[in-house]
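What follows is each chain in one-letter form.
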Amino acid sequence: MKRNTSLPTLTKAEEEVMHIIWRLDRCMVKDIIEQLGDPDMPHSTISSVVRILEKKGFVDHKAYGKTYEYFPIVTKEDYAQHGVKSLMEKYFSGSPKKLVSFLVQSENINLKDLNDLLKTIKDSPDSKKK
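Given the structure is predicted, the values throughout are model-derived calculations rather than measurements.

Draft legend 1. Geometry of the overall build of the chain. From N to C terminus, the chain includes seven helices and two strands. Counting helices and strands in the order they occur from the N terminus, the chain gives α-α-α-β-β-α-α-α-α. Relative to the compact-globule value of 14 Å for 130 residues, the chain shows a C-alpha radius of gyration of 19 Å, a clear excess of over 25%. Judged by the C-alpha coordinates and their principal axes, the chain covers about 55 × 30 × 25 Å. A total of 130 residues make up the chain; the buried ones form 26% of that total.

Draft legend 2. Spatial organisation of the pairing of strand β2 (residues 67-72). Strand direction decides the pairing type here: strand β1 (residues 59-64) and β2, joined by six bridges, are antiparallel. Following the sheet pairing, Tyr 64 is matched in β2 by Thr 67. Counted along the chain from β1 to the antiparallel partner β2, the turn is two residues long, and its residue Gly 65 has a positive phi close to 70°.

Draft legend 3. Just helix α1 (residues 12-24), in detail. Here α1 is 13 residues long and its end C-alpha atoms lie 19 Å apart, about the 18 Å a rise of 1.5 Å per residue gives. For α1, the full list of buried residues reads Glu 14, Val 17, Met 18, Ile 20, Ile 21 and Trp 22. If you follow the buried residues of α1, they end up packed against α2 (29-36), α3 (43-55), β1, β2 and α4 (76-91). Two residues or fewer after α1 comes Asp 25, characterised by a positive phi angle close to 70°.

Draft legend 4. Structural detail: the nonpolar core. By size, the foremost hydrophobic cluster in this structure holds 20 residues, and its most contacted members are Met 18, Ile 21, Ile 32, Leu 53, Phe 58 and Val 59. Broken down by secondary-structure element, the contributors of at least two residues to this core are α1, α2 and α3. A total of five residues in this core trace back to one element, the largest contributor, which is α1. Apart from the residues within four sequence positions on either side, Phe 58 is in contact with Leu 7, Pro 8, Leu 10, Met 18, Leu 53, Phe 71, Pro 72, Ile 73, Val 74 and Tyr 79.

Draft legend 5. Focus on the side chain of Glu 69. Of note, Glu 69 is situated in strand β2. Engagement of the side chain of Glu 69 in a polar contact is seen with the side chain of Tyr 64, the distance being 3.3 Å. Beyond its immediate chain neighbours, meaning those up to four positions away, Glu 69 contacts Arg 26, Cys 27, Met 28, Asp 60, His 61, Lys 62 and Tyr 64.

Draft legend 6. Local environment of a nonpolar patch on the surface. Taken together, the side chains of Leu 117, Leu 118 and Ile 121 make up a nonpolar region of the molecular surface, amounting to roughly 250 Å² of accessible area. Looking at Leu 117, the relative accessible area reads 31%, which means it is partly exposed.

Draft legend 7. Broad picture of the packing of α2 against α3. Here α2 crosses α3 at 110°, and the two axes come no closer than 10 Å. Compared by their axis directions, α2 and α3 come out roughly perpendicular. Counting all contacts with α2, which are made through Val 29, Lys 30, Ile 32, Ile 33 and Leu 36, the residues of α3 involved are His 43, Ile 46, Ser 47 and Val 50. Classifying every residue of the contact of α2 with α3 by side-chain character gives six nonpolar, two polar and one charged.

Reading the values: rules and limits
Residues numbered from 1 in each chain as written. Predicted model: local features only at pLDDT ≥ 70, side-chain atom pairs only at ≥ 80, totals over all residues. Heavy atoms only, no water. Helix = DSSP H or I, 4+ residues; strand = E, 2+ residues; numbered from the N terminus. Rg over C-alpha atoms; globule rule 2.2 N^0.38 Å. Buried < 20%, exposed > 50% of the residue type's maximum accessible area, 1.4 Å probe, protein only. Pairing = 2+ DSSP bridges. Expected span 1.5 Å × (residues − 1). Contact = heavy atoms within 4.5 Å. Core = buried A, V, L, I, M, F, W, Y, C linked by side-chain atoms within 4.5 Å. Polar contact = N/O pair within 3.5 Å; in protein donor to acceptor, adjacent residues only side chain to side chain. Patch = residues over 30% accessible without salt bridge, like charges linked within 9 Å, V, L, I, M, F, W, Y side chains within 5 Å. Areas by Shrake-Rupley, 256 points an atom, 1.4 Å probe, with all protein chains shown as cover. Salt bridge = Lys/Arg side-chain N within 4 Å of Asp/Glu carboxyl O. Axes fitted to C-alpha atoms, helices over the stretch in contact; angles between N-to-C directions. Parallel < 35°, antiparallel > 145°, perpendicular 65-115°, else oblique. Nonpolar A, V, L, I, M, F, W, Y, C, P; charged D, E, K, R; others polar.

This is how it looks when you write it as C-alpha cells:
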C-alpha cells in the first residue's frame with residue numbers, strides 16, 4: 001500500500017483496537033471485546049471505535065445480515081512506517097541519520113543492533129541499485 005503518507009493518526013483506543021484487528025485479520029466486534037479481556041466493555045463502544053477506524057480508512061467490513069466481519073485494509077507495517085516517518089519529521093528534521101544518532105546517544109541501540117542495521121541497509125534492494 002502506497003498511501004501511508006496520508007494516514008491519519010489513531011487515538012490510543014483506536015490503535016489498541018486496530019492491533020487486535022491486525023492480529024485476528026478478520027473479526028467481529030465480539031471477538032475484539034473478547035481479546036480486550038473486559039467482558040463488561042459495552043458492545044456499542046467497541047462498535048463505535050471500529051466504525052471510526054472504517055471512516056478513517058483502516059478497516060472495511062463484509063456484512064452477514066446484521067453482523068459485520070471487519071478486516072484491515074491498512075497493514076501494520078504501513079502504519080508503523082507512517083509513524084516512524086512522522087516521528088522523524090517532527091523531532092529529527094526528517095533525517096534518519098539524526099534519528100539513529102539519537103538512538104545511539106541515548107543508548108537505546110547497542111553496537112550489535114547498529115551493526116545489524118548497517119548490514120540490513122547494505123543488503124537492501126535500494127543500496128544494490130547504486
